[in-house]
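# A structural walkthrough
The primary structure of each chain is shown beneath.
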Amino acid sequence: MDNPLLMKLEQFTAFQPSERMRLDELLNYPTKTYARGKEIISHGDKVGDIHLILTGLATRSKTLRDGSRQLMAFLVPGDLCDVEVFILEAMDHDIIALSETTCVLIPATEMESLLTESSSITRAMWWSTMTDSAVLREWIVNHGQRDARERLARIFCELLIRYRIVGGTTDESFPFPLTQEELAEATGMTPVHVNRMLGQLRSEGLIDLNSKTLTVLDFDRLKKVAQYDVDYLHLTRTQRRDGAVAERAADLVPPSNHSVMQHALERVKRPFGVSQD
Amino acid sequence: LPRFHFHVHDHSGVTHDVQGRELPDLAAARAEAIKGVRSILSYEVLHGLIDVTGRIDVADPDGWVLFSIPAVDAVRLRTP
């Protein structure tokens, strides 16, 4: 099976065969499948294993005393739910499956040894954690500055790209099992308003939502509506059009001028022995 | 729990609620519809429009409209 963690981390750096093998070995740990709506990890849990999502979709959420719930992040295949647990005492939020979700449970000790034995895996994990923070910053901007229609549009732009880079989809459609209520909890809207805005995005010819599959019909226009700028995902190798990694989302991610130039320059320099490495 | 569908009728036409929501009873569905109307109106106000000519039809899964909430009844309207 494809290794979504490897596919995600590859966005940042190319791995040696031994490192790829090491990342693939992680998939041999026991897996656990959670039904839709089930808690993968609960607020207050002290977790001994790190949950890597292999298939499905999960969310980070917090519930207030009155029962109202805020969703704060979506976790797609390749995402680590709780890589922080071997540093932090206990989880400060819930992780809940939004569709049937399978995780591989990587012992914290295994993660620690992985991080000490390979500096490029460590750096890639750092990249991943920092990108998660950048995604959260976008979530805050979404709540503070974008209006209802823009908020939904932005979520769809981001999810399409995130599914693409881990091979979760190869076209413009991706699994979207969320109910209106859950989408409302993710965007601070009411479910009725979510439905009204989905209807509008549909009638504008931007998206289609059918039997738990969302299709982006016009990515460029949806991006404009969302004022979406993909920089914050830091898809270094795709922006640089680097190897087969770039192909997965190159049509959605504009090349970064700076990195393309730098990369070309390094290639020219290499035969003369002035490479930075 | 019974399932209720909230179909929005407004200046842009009808937005059907295919999915619907499970709620405890009619009173909860009514509250949900009022909240829904208000949230749509508040979005439109931000875009410079106050249009209370629409309504939400609350229907059961067979499509029977159980009751309607006219937008104008979901808010207290005061004009100069």
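Scroll up for the structure.
Residues take numbers from 1 onward in each chain, read along the sequence in its written order. Written order determines the labels here, with chains lettered from A and ligands numbered from 1. Under the rules for a predicted model, residues below a pLDDT of 70 receive no local features and side-chain atom pairs below 80 are neither given nor counted, while totals for whole chains, interfaces and linings still include all residues. The side-chain values count all of the structure's non-hydrogen atoms but skip hydrogen atoms and water molecules.

### Regarding the overall build of chain B
Along the backbone of chain B there are 1 helix and 5 strands. Counting from the amino terminus, chain B carries its helices and strands in the arrangement β-β-β-α-β-β. Counting only C-alpha atoms and orienting by the principal axes, one finds that chain B spans roughly 45 × 25 × 15 Å. Across the 80 residues that make up chain B, the buried fraction comes to 42%. Note on contacts: a residue pair qualifies if any of its non-hydrogen atoms lie within 4.5 Å across the two residues. Expressed as a percentage of contacts within chain B between residues at least 6 apart in sequence, the contacts between residues at least 24 apart total 45%. For chain B, the exposed area adds up to about 4900 Å²; of that, 58% sits on carbon and sulfur atoms. The charge count treats Lys and Arg as positive and Asp and Glu as negative. His and the chain ends do not count. By convention, the charge on Lys lies at NZ, on Arg at CZ, on Asp at CG and on Glu at CD. Of the side-chain charges in chain B, 8 are positive and 11 negative, and the distance between the mean point of each set is 9 Å. Only DSSP runs of H or I reaching four residues or more are called helices, and only runs of E reaching two or more are called strands; each is numbered from the N terminus. Relative accessibility thresholds used throughout: buried, under 20% of the residue-type maximum; exposed, over 50%; partly exposed, between the two (1.4 Å probe, protein chains only). Here the accessible surface of atoms and residues is derived via Shrake-Rupley with a 1.4 Å probe, and residues count as covered only by protein chains that are part of the display.

### Here we look at the packing of helix H4 (residues 119–145) of chain A against helix H5 (residues 148–165) of chain A
All names here are of chain A. Two elements in contact, H4 and H5, have axes separated by 9 Å at closest approach and are oriented at 160°. Classified by the angle between their axes, H4 and H5 sit roughly antiparallel to one another. The way H4 lies across H5 gives a crossing that is right-handed. On the side of H4, the interface is formed by Val-135, Glu-138, Trp-139, Asn-142, His-143 and Gln-145, while H5 contributes Glu-150, Arg-151, Arg-154, Ile-155, Glu-158 and Arg-162. Note on residue categories: nonpolar means Ala, Val, Leu, Ile, Met, Phe, Trp, Tyr, Cys or Pro, charged means Asp, Glu, Lys or Arg, and polar means any other residue, Gly included. Its residues assigned to classes, the contact of H4 with H5 comprises 3 nonpolar, 3 polar and 6 charged. Here the axes come from fitting lines to C-alpha atoms, over the contacting stretch only for helices, and the angles between their N-to-C directions go from 0 to 180 degrees. Note that the term roughly parallel is reserved for angles under 35 degrees, roughly antiparallel for angles over 145, roughly perpendicular for angles of 65 to 115, and oblique for everything else. Handedness of a helix crossing follows the sense of rotation of the near helix relative to the far helix, less than a right angle counterclockwise being left-handed and clockwise being right-handed.

### Remarks on the packing of helix H3 (residues 108–117) of chain A against H4(A)
All names here are of chain A. Relative to each other, H3 and H4 sit at 115°, their axes nearing to 5 Å. The orientation of H3 relative to H4 falls into the category roughly perpendicular. Note on element contacts: H4 touches H3 through Ser-119, Ile-121, Thr-122 and Met-125, opposite Met-111, Leu-114, Leu-115 and Glu-117. In the contact of H3 with H4, the residues fall into 5 nonpolar, 2 polar and 1 charged.

### Thoughts on the environment of Glu10(A)
Residues and elements named next belong to chain A. Structurally, Glu-10 is set in the loop between helix H1 (4–9) and helix H2 (17–25). Classification of Glu-10 as buried rests on a relative accessible area of 7%. With 155 residues separating them along the chain, Glu-10 and Ile-165 place their C-alpha atoms 9.2 Å apart. Among residues more than four places away in sequence, those in contact with Glu-10 are Phe-15, Arg-20, Arg-237, Val-245 and Arg-248.

### Re the sheet that holds strand S4 (residues 58–63) of chain A
Residues and elements named next belong to chain A. For two strands to count as paired, DSSP must find a minimum of two bridges between them. Taken in spatial order, the 4 strands make up an open sheet running S2-S6-S4-S5, and their pairing is antiparallel. Two strands lie at the open edges of the sheet, namely strand S2 (39–41) and strand S5 (69–75), each paired on one side alone. Between one strand axis and the next, the sheet turns through 35° on average, direction left out of account. Relative to strand S6 (residues 94–97), S2 is paired through 2 bridges, and the arrangement is antiparallel. Residue pairing in the sheet places Glu-39 in a bridge with Ile-96 of S6.

### Looking at the nonpolar core
Residues and elements named next belong to chain A. In terms of nonpolar packing, the biggest core is built from 49 residues, with Phe-74, Phe-156, Ile-161, Phe-176 and Leu-183 touching the most fellow members. For this core, the secondary structure elements donating two or more residues are S5, H4, H5, helix H6 (180–187), helix H7 (191–203), strand S9 (207–210), strand S10 (213–216) and helix H8 (219–226). If you tally residues by element for this core, the top one is H5, at 11 residues. Filtering out sequence-adjacent residues up to four positions away, Leu-183 remains in contact with Leu-152, Ile-155, Phe-156, Phe-176, Leu-178, Val-194 and Leu-198. In this text, buried Ala, Val, Leu, Ile, Met, Phe, Trp, Tyr and Cys residues form a nonpolar core when linked through side-chain atoms within 4.5 Å. Residues Leu-9, Leu-52, Leu-54 and Leu-80 belong to the second largest nonpolar core, which totals 19 residues.

### Quick notes on the environment of Ile53(A)
All names here are of chain A. Position of Ile-53 among the secondary structure elements: in strand S3 (residues 49–55). Sequence spacing of Ile-53 and Cys-103 is 50 residues, and the spatial spacing of their C-alpha atoms is 4.4 Å. Apart from the residues lying within four places of it in its own chain, the contact partners of Ile-53 are Pro-4, Ala-58, Leu-75, Val-76, Pro-77, Gly-78, Asp-79, Cys-81, Thr-101, Thr-102 and Cys-103.

### Some thoughts on the sheet that holds S10(A)
Residues and elements named next belong to chain A. Taken in spatial order, the 3 strands line up as S8-S10-S9 in an open sheet, and their pairing is antiparallel. Sheet topology places strand S8 (173–175) and S9 at the edges, where each strand pairs with a single neighbour. Going from strand to strand, the sheet's axes swing by 20° on average, the running direction of each strand aside. Alignment of S9 against S10, held across 4 bridges, turns out to be antiparallel. The residue of S10 that forms the bridge with Asn-210 is Thr-213. Sitting on the sheet, H5 touches S8, S9 and S10, and the angle it makes with S8 is about 90°.

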